Amino acid sequence: MKKYIETGKKDTRSGFGAGLLEAGKADANVLALTADLKGSLKMDAFAAEFPERFIQCGIAEANMVGVAAGLALTGKVPFIGSFAEFVTGRVYDQIRQEVGYGHTNVKIASSHAGITLGEDGATHQTMEDIALMRAIPGMVVINPCDYNQTKQATIAAAKYQGPVYLRFGRPSVAIFTPEDEPFEIGKTYVMNEGKDVTIVATGHMVWEAIKAAEALEADGINAEVLNVATIKPLDEATIVASAKKTGAVLVAEEHNSAGGLGELIAGVLAAQAPTPMTFINGADKWGQSGTPAELLAAYGMDAAHIAEAAKAAMTKK
Amino acid sequence: MAMALFFIKFVSWKQISLTIIMANIEKLTAIASQVRRDIVRMVSGAGSGHPGGSLGITDIMTALFFEEMKQDPATWTRSAKGQDAFILSAGHLAPVYYSVLSRAGYFPKEELGTLRKFGTRLQGHPSTEAGLPGVFQPSGSLGQGLSCAAGIALGKKIDGEDNNVYVLCGDGESEEGQIWEAGMFAVHHKLDNLIAMTDVNGQQIDGPTSEVAAIFGLEEKWAAFGWNVISADGHDFESILKAFELAKAAKGSGKPSMILFTTDMGHGVDFMAGTHKWHGKAPSAEQCEAALAQLPETLGDY
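These numbers were taken from a predicted model, which means no experiment stands behind them. All residue numbers refer to position in the chain's written sequence, counted from 1. Chains and ligands are labelled by the order in which they are written, letters from A for the one and numbers from 1 for the other. The predicted origin of the model limits local features to residues at a pLDDT of at least 70 and limits the giving and counting of side-chain atom pairs to 80 or more, whereas totals for whole chains, interfaces and linings rest on all residues. Only hydrogens and water are set aside; all other atoms, that is, all heavy atoms of the structure, feed into the side-chain values.

(A) Region of the structure containing the overall build of chain A. Under the DSSP-based scheme used, a helix requires at least four consecutive residues in state H or I and a strand at least two consecutive residues in state E, with every element numbered from the N terminus. Tallying secondary structure elements over chain A gives 11 helices and 14 strands in all. Throughout, radius of gyration means the C-alpha value; the globule benchmark is 2.2 Å times the number of residues raised to the power 0.38. In terms of overall size, chain A behaves like a compact globule, its C-alpha atoms giving a radius of gyration of 19 Å where 317 residues would be expected to give roughly 20 Å. Reported as C-alpha extents along the three principal axes, the dimensions of chain A are approximately 55 × 40 × 35 Å. Evaluated residue by residue, chain A yields a buried proportion of 63% over its 317 residues. Contacts are assigned to residue pairs with any non-hydrogen atoms lying within 4.5 Å of each other. Put simply, 80% of the contacts in chain A that link residues at least 6 apart link residues at least 24 apart. In this tally Asp and Glu are treated as negative and Lys and Arg as positive; neither His nor the chain ends contributes. Positions of charges follow a simple convention, taking NZ of Lys, CZ of Arg, CG of Asp or CD of Glu. Considering chain A, the positive charge centre built from 28 side chains and the negative charge centre built from 37 side chains are found 3 Å apart. Here the term buried applies to any residue with accessible area under 20% of the maximum for its type, exposed to any over 50%, and partly exposed to those in between, with areas from a 1.4 Å probe on protein chains only.

(B) A look at helix 5 (residues 145-158) of chain B. All names here are of chain B. For a helix, the expected span equals 1.5 Å multiplied by the number of residues minus one. If you check helix 5, its first and last C-alpha atoms are 20 Å apart, about what 14 residues at 1.5 Å a residue would give, namely 20 Å. Here helix 5 lies mainly inside the structure; 12 of its 14 residues are buried. Among the residues making up helix 5, those that are buried are Gly145, Leu146, Ser147, Cys148, Ala149, Ala150, Gly151, Ile152, Ala153, Leu154, Gly155 and Lys156. Phi turns positive, to about 70°, at Gly160, one or two residues after helix 5.

(C) Broad picture of the packing of aromatic side chains. Residue and element names in this part refer to chain B. By convention, a stacked pair of Phe, Tyr or Trp rings (six-membered ring in the case of Trp) has centres within 6.5 Å and planes under 30 degrees apart, an edge-to-face pair has planes over 60 apart, and any other such pair is tilted. Applying the stated criterion across every chain, the model contains 20 aromatic pairs over all chains. With 6.4 Å between their ring centres and 10° between their planes, Tyr97 and Tyr98 make a pair best called stacked. Across the pair, Tyr98 and Tyr97 agree in class, each one buried. Grouped by ring-pair contacts, the aromatic residues Phe65, Phe86, Tyr97, Tyr98 and Tyr106 constitute a single cluster. Criterion for a charge above a ring: Arg CZ or Lys NZ at most 6 Å from the ring centre, at most 35 degrees from the ring normal. Above the face of the Tyr302 ring, Arg41 is positioned so that its terminal group lies 4.3 Å from the ring centre. Positioned over the ring face of Phe216 is Lys221, at 4.8 Å from the centre of the ring.

(D) The packing of helix 1 (residues 12-26) of chain A against helix 6 (residues 147-159) of chain A, seen in detail. Residue and element names in this part refer to chain A. One way to put it is that helix 1 packs onto helix 6 with a least axis distance of 7 Å and a crossing angle of 35°. In terms of crossing hand, the pair formed by helix 1 and helix 6 is right-handed. For the pair formed by helix 1 and helix 6, the contact residues are Thr12, Ser14, Gly15, Phe16, Ala18, Gly19, Leu20, Glu22 and Ala23 on the first element and Tyr147, Thr150, Lys151, Thr154, Ile155 and Ala158 on the second. Here the contact of helix 1 with helix 6 is composed, by residue class, of 7 nonpolar, 6 polar and 2 charged. Axis lines are fitted to C-alpha atoms, over the contacting stretch for helices. Their N-to-C directions set the angle, which ranges from 0 to 180 degrees. Handedness of a crossing follows from how the near helix is turned relative to the far one, being left-handed for an anticlockwise turn of less than a right angle and right-handed for a clockwise one. Residues are grouped as follows: Ala, Val, Leu, Ile, Met, Phe, Trp, Tyr, Cys and Pro are nonpolar; Asp, Glu, Lys and Arg are charged; all remaining types, including Gly, are polar.

(E) Broad picture of the pairing of strand 2 (residues 30-34) of chain A. Residues and elements named next belong to chain A. Burial analysis of strand 2 places 5 of its 5 residues in the buried class, which makes it a mostly covered element. The side-chain alternation of strand 2 yields two buried faces, one formed by Val30, Ala32 and Thr34 and the other by Leu31 and Leu33. The pairing of strand 2 with strand 4 (residues 77-83) spans 5 bridges and is parallel. Bridging from a neighbouring strand, Leu31 pairs with Pro78 of strand 4. The pairing of strand 2 with strand 3 (residues 54-56) spans 3 bridges and is parallel. What sits directly across from Ala32, in strand 3, is Phe54. We call two strands paired when DSSP finds no fewer than two bridges between them.

(F) Structural detail: the interface of chain B and chain A. Facing 31 residues of chain B, the contacting portion of chain A comprises 23 residues. Summed over the three residues of chain B that lose the most area to chain A, namely Gln144, Glu181 and Phe185 of chain B, the buried surface amounts to 23% of that side. Polar contact is the term for a pair of N or O atoms within 3.5 Å; when the atoms are in protein, one must be able to donate a hydrogen and the other to accept it, and sequence-neighboring residues count only if both atoms are side-chain atoms. On inspection of chain B and its partner chain A, the count reaches 17 residue pairs in polar contact (both at pLDDT 80 or more). Residue assignment for the side of chain B that touches chain A shows that the elements contributing at least two residues are helix 5 and helix 6 (177-188) of chain B. The term buried area refers to how much accessible surface (probe radius 1.4 Å) is lost by two components on association, counted for both of them together.

(G) Focus on unusual backbone geometry. Residue and element names in this part refer to chain A. Of note, the bond from Lys232 into Pro233 is cis; its omega dihedral lies within 30 degrees of zero at 0°. Take Pro233: it is sitting in the loop between strand 12 (230-232) and helix 8 (236-246). Phi is positive for Asp36, close to 65°, though the residue is something other than glycine. By the element assignment, Asp36 lies in the loop between strand 2 and helix 2 (44-49). Judged by relative accessible area, which is 45%, Asp36 ranks as partly exposed.

(H) Seen up close, the domain arrangement of chain A. Residue and element names in this part refer to chain A. Segmentation of chain A into domains returns domain 1 (8-175) and domain 2 (188-315). Note that domain bounds follow an automatic or database assignment of domains. Taking the mean C-alpha position of each, domain 1 and domain 2 sit 25 Å from one another. Counting residues at the interface gives 33 residues for domain 1 and 33 residues for domain 2. Counting each side, the surface lost to burial between domain 1 and domain 2 is near 2,500 Å², with a carbon and sulfur contribution of 59%. Three residues, Ile115, Met127 and Arg134, lead the burial of domain 1 against domain 2; their summed loss comes to 26% of the area buried on that side.

And the structure:
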């Protein structure tokens, strides 16, 4: 089994900020827009380097979405940044019409996603966003796993022609992917090869999955870990091949059980390779205040719970 | 002496421009009659749609596409670069939009008969899916077009382009909060290349605006938001064209312009005028004939 080393700790939103700056240097059409959350979205460096390409929209997210669509019609590549709830649920209709149906080249930068936002509580802990964005025809949905991958995913999103939903988070988490590995939109990354069970994870849950796989190895179980960094379009071939090989699949995500990655993969496998499955997610519940670690444990989403759920999937073979 | 000369020059310029305006008004009046015929026939043929508001903004749309905008059907692309742009925020007014685009040469007039039918590019509300020439952005969900237009205007500012961006909203539509978000944004970013229009017909689908919501005092509201506010008669071509001139004269001031056009929903057809009842209802075959009898066929029906 491949051994992953934690090379440091950083928030994935800082990876976005670093990627945005790189993308801005590479393409003068790249713009950054925010609704009064420049600092939280780590847009400071971009705004300092390109003040004329940073557009403050004030606390008016609906307008920001429309402005971004208009900017895209003039050939710009606008990134709109806010907290996950405020760039999805709050403006779903605006995204649907102006970005989705209009197929404008807008990049939606969604920070503080999932329960690991922590102390702010359920109003801000968005666990419905993947379902909402997945349901929009033509929308690319990316949920990278660490600082390095978020930086590279941001650079890739800027180069891609079309709407992109880029999801990342607030807490400082392990860095474990290579620093300069170009991000391939639509690819599921095989983090660890195994034969007994497949653990499919996305976003922050990938590191939890890797830790779970290490624990399982100590119990003599050889787990394959897949990082679904792009949820849409889904790399169905890699997932189906893994399911056929191991015969048991667990899906782990920081999202509501409805409409997330688990349901998506269950649908793919039901059609192509029916496989026993278990699921780790936020169920159909609201979050609450707490530290990220406390919340992951309390909602049954940490490495220990993943390892147990992997074993449960294997017993269904 | 210098002053007298200036005065003579001024008068002669006025006279020349007046002559041009008079000739243009004759042309625009003829086009508008045909556009109104198209609207009634299209909606009647489709069996559903929004004739009332379309008839109400026909004169404004005719002036915009046949006189005002710097946009050429021969070179039009969906990229808003290097040309004036127009967004129909009140997307349900698609019938007048399609008629005007077709009559201006963006696509063949025969296509007008396909409105709302399966496989058409003339969707019930404007769509970019099938690449209908002239349409920059889909609309239909209300309150969004002003934001999009502000984005195009900002893009043009960033690129140092001189073209203008036009957008048309409804007074009922202005009950949407996003309109006012866009109002603040456009002023903050000094988008004086943005020319917004509100179709003030006092009607919306559930009844007169005064009975539905407190959307009164639009002039004071937009002025308080910091806009250059112009009021005009949406059925008087001289008033419409003058309003556009006043809006363009504000370029350099940093203020976006809002033209409040007073209109009658259903204008041009006596039994459809001045009521919300034809907001979203198609005329029957007999009603269609009665309406067409009031509208001279000037450019040939599709």
